[in-house]
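A structural walkthrough
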Amino acid sequence: MRSVHVRGLWVRDGGLSSGIEALVASAKSIFGAVVGRFIFTEARVASVRDVGPRLRIAELAGDALRGVAWTPGDKVQVYLPGRGMRTYTPLRWDKERGETSFLLYVHSTTTPGAAWAAGLRAGDEVSFFGPRSSIRFPELSEPVVLFGDETSFAAGRALHDARRATCVFEVDDEAAAKSALDAIGLGGATVVARGAADAHLPDVAARIAEELAKDTRASLALTGKAQAIQLLRARLKASGSLRAGKTKAYWSVGKKGLD
């Protein structure tokens, strides 16, 4: 049995670590239930539509959304009663009308966030914290080359609206991804189907390097899966193509969610 490091402690992997994860999730849930009414923004789902087999756009509205300062790339943390928080990047925010939109990736129905996204319906109430800084695209130079995956589509849309951007995404299903990207105004993005054991990443790295070479002013934003980001950084560095920019992992293999 191996040991794992958890918040400054070394514990045996297995029952104890699972218990700690459950305790942390429970603590987050209790926190949300107790103080949520004082710090959360409340909105109602105006509509939900599917834009692909696993992607949905939820339109939210409410007076609490009016006058809110939002910068493309900012995140919100949605409170799921009894299950903790899940983080999303809004596609847009209309502070005059009191409206915002979330792109939800339903990668599974077994995880809390995906189950919530799959079951969301018009009329549902949504409580969330934010928006607040996640990856501040306006701090990047123009233009920007963005790498990501299905969890990065909303960030790509926000970046596209803020400035000229070139997006390269790794995806499970090319046809479904292209359909979803067309629906959110990113039809020009490059999509690369995932391969076994990340066999597709050399192709992704080559495409990113090609886009960066087109403009020496371009900065790089790496988002999505933590392991893919690490491998791409190493490959781009080895080829001399790594460029200054931003990095934000939205998820990681073996973890339930990243902030």
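Residues numbered from 1 in each chain as written. Predicted model: local features only at pLDDT ≥ 70, side-chain atom pairs only at ≥ 80, totals over all residues. Heavy atoms only, no water.

1. Digging into the overall build of the protein chain
We apply this condition: The helix and strand labels rest on DSSP assignments: H or I over at least four residues marks a helix, E over at least two residues marks a strand, and numbering proceeds from the N terminus. The rule is simple: take the accessible area with a 1.4 Å probe, protein chains only, and divide by the maximum for that residue type; under 20% is buried, over 50% is exposed, in between is partly exposed. Here a residue-residue contact requires only that any non-hydrogen atoms of the pair lie within 4.5 Å. Here, Shrake-Rupley sampling with a 1.4 Å probe gives the accessible areas, and only protein chains in the shown set may cover a residue.
The helix and strand tally for the protein chain stands at six helices and 14 strands. Going through the 259 residues of the protein chain one by one, you find that 44% of them count as buried. Of the contacts formed within the protein chain by residues at least 6 apart in sequence, a portion of 62% connects residues at least 24 apart. Just so you have it, the protein chain exposes about 12,900 Å², and 52% of that area is on carbon and sulfur atoms.

2. What to know about the pattern of salt bridges
To keep it simple, the criterion reads: The term salt bridge refers to a pairing of a side-chain nitrogen on Lys or Arg with a carboxyl oxygen on Asp or Glu at a separation within 4 Å.
Under the criterion given, the structure shown has 16 salt bridges. Salt-bridge contacts for Glu 125 lead to Arg 44; the nearest nitrogen and oxygen are separated by 2.5 Å. Here Glu 125 is found in strand β9 (residues 125–132), whereas its partner Arg 44 is found in strand β3 (residues 41–50), with 81 residues between them in sequence. Residue Glu 125 is classed as partly exposed on the basis of its relative accessible area of 47%. In this structure, Asp 198 and Lys 225 form a salt bridge, with 3.8 Å as the shortest nitrogen-oxygen distance. In this pair, Asp 198 is assigned in the loop between β12 (190–193) and α5 (201–213) and Lys 225 in strand β13 (residues 219–225), connecting sequence segments 27 residues apart. In this structure, a network of salt bridges that share partners links the residues Arg 54, Asp 149, Glu 150, Glu 170, Asp 172 and Arg 194.

3. Topic: the sheet that holds β12
Condition: Strand pairing is defined by DSSP finding a minimum of two bridges between the two strands. An axis is simply a line fitted to the C-alpha atoms; with a helix, the fit covers only the stretch in contact. Between two such axes, the angle follows the N-to-C directions and lies from 0 to 180 degrees.
Across the sheet, which stays open at both edges, the five strands sit in the order β12-β11-β10-β13-β14 with parallel pairing between neighbours. Each edge of the open sheet carries a strand with a single partner, namely β12 and β14 (245–251). Across this sheet, the average inter-strand angle for adjacent strands is 10°, counted without regard to direction. Each of β11 (165–171) and β12 touches helix α4 (residues 174–183); the most contacted strand, β12, lies at about 155° to it. Its contacts with the sheet put helix α6 (residues 226–238) on β10 (144–148), β11, β13 and β14, and the angle it makes with β13 is roughly 145°.

4. Regarding α5
The criterion, for reference: Expected helix span is taken as 1.5 Å per residue step, with the number of steps being one fewer than the number of residues. Read the arc as the range of directions from the helix axis to the C-beta atoms.
Between its first and last C-alpha atoms α5 spans 18 Å; for 13 residues at 1.5 Å apiece the expected length is 18 Å, and the two agree. When α5 is considered as a whole, its buried residues turn out to be Leu 201, Val 204, Ala 205, Ile 208, Glu 211 and Leu 212. Down the axis, α5 shows its buried residues gathered within 125° of arc, on one side only. In this structure, the buried residues of α5 make contact with β10, β11, β12, β13 and α6.

5. Comments concerning the nonpolar core
For clarity, the cut-off: Residues enter a nonpolar core if they are buried and are Ala, Val, Leu, Ile, Met, Phe, Trp, Tyr or Cys, with the set joined through side-chain atoms within 4.5 Å.
Counting 23 residues, the largest nonpolar core has Leu 55, Leu 103, Phe 153, Phe 169, Leu 181 and Ile 184 as the members making the most contacts within it. Counting residues per element, the ones that place at least two in this core are β4 (55–61), β8 (99–105), β10, α3 (153–162), β11 and α4. Looking at this core, the element that brings in the most residues is β11, giving four residues. Other than its neighbours up to four places away in sequence, Ile 184 contacts Ile 57, Leu 91, Leu 103, Phe 153 and Arg 157.

6. Some words on the confidence of the model for the protein chain
How we decide: pLDDT expresses how confident the predictor is about each individual residue, on a scale running from 0 to 100.
The share of residues in the protein chain with pLDDT of 70 or more is 80%, and the mean pLDDT across the chain is 82. Confidence, read as mean pLDDT per element, is least for strand β1 (residues 3–6) in the protein chain (37) and greatest for β12 (96). This stretch, residues 1–21, has a pLDDT under 50; its non-local contacts, to residues over four places away or in other chains, come to 22 contacts.

7. Regarding the packing of α5 against α6
Inclusion rule: Roughly parallel covers angles under 35 degrees, roughly antiparallel covers those over 145, roughly perpendicular covers 65 to 115, and oblique covers all other angles. Here a crossing is taken to be left-handed if its near helix is turned anticlockwise relative to the far helix by less than a right angle, and right-handed if that turn runs clockwise. When residues are sorted by character, Ala, Val, Leu, Ile, Met, Phe, Trp, Tyr, Cys and Pro go into the nonpolar class, Asp, Glu, Lys and Arg into the charged class, and all the rest, Gly among them, into the polar class.
Contact pair α5 / α6: the axes reach a minimum separation of 10 Å and the direction vectors enclose 60°. Accordingly, the angle class assigned to the pair α5 and α6 is oblique. As for the relative orientation of α5 and α6, their crossing is right-handed in sense. In this structure, α5 uses Leu 201, Pro 202, Val 204, Ala 205, Ile 208 and Ala 209 to contact α6, whose residues at the interface are Ala 228, Leu 231, Leu 232, Arg 235 and Leu 236. Class assignment for the residues of the contact of α5 with α6 results in ten nonpolar, no polar and one charged.

8. Quick look at the pairing of strand β5 (residues 75–80)
Counting buried residues in β5 gives six out of six residues, a clear majority hidden from the surface. Residues Lys 75, Gln 77 and Tyr 79 line one face of β5 and the alternating positions Val 76, Val 78 and Leu 80 line the opposite face, and both faces are buried. Pairing of β5 with β9 involves three bridges; the strand directions are antiparallel. When the sheet's bridge partners are listed, Val 78 is paired in β9 with Phe 128. As judged from the five bridges shared by β5 and strand β6 (residues 84–88), these two strands associate in the antiparallel manner. By the bridge assignment, Val 76 is partnered in β6 with Tyr 88. The turn linking β5 back onto β6 is made up of three residues, and Gly 82 within it adopts a positive phi angle of 80°.

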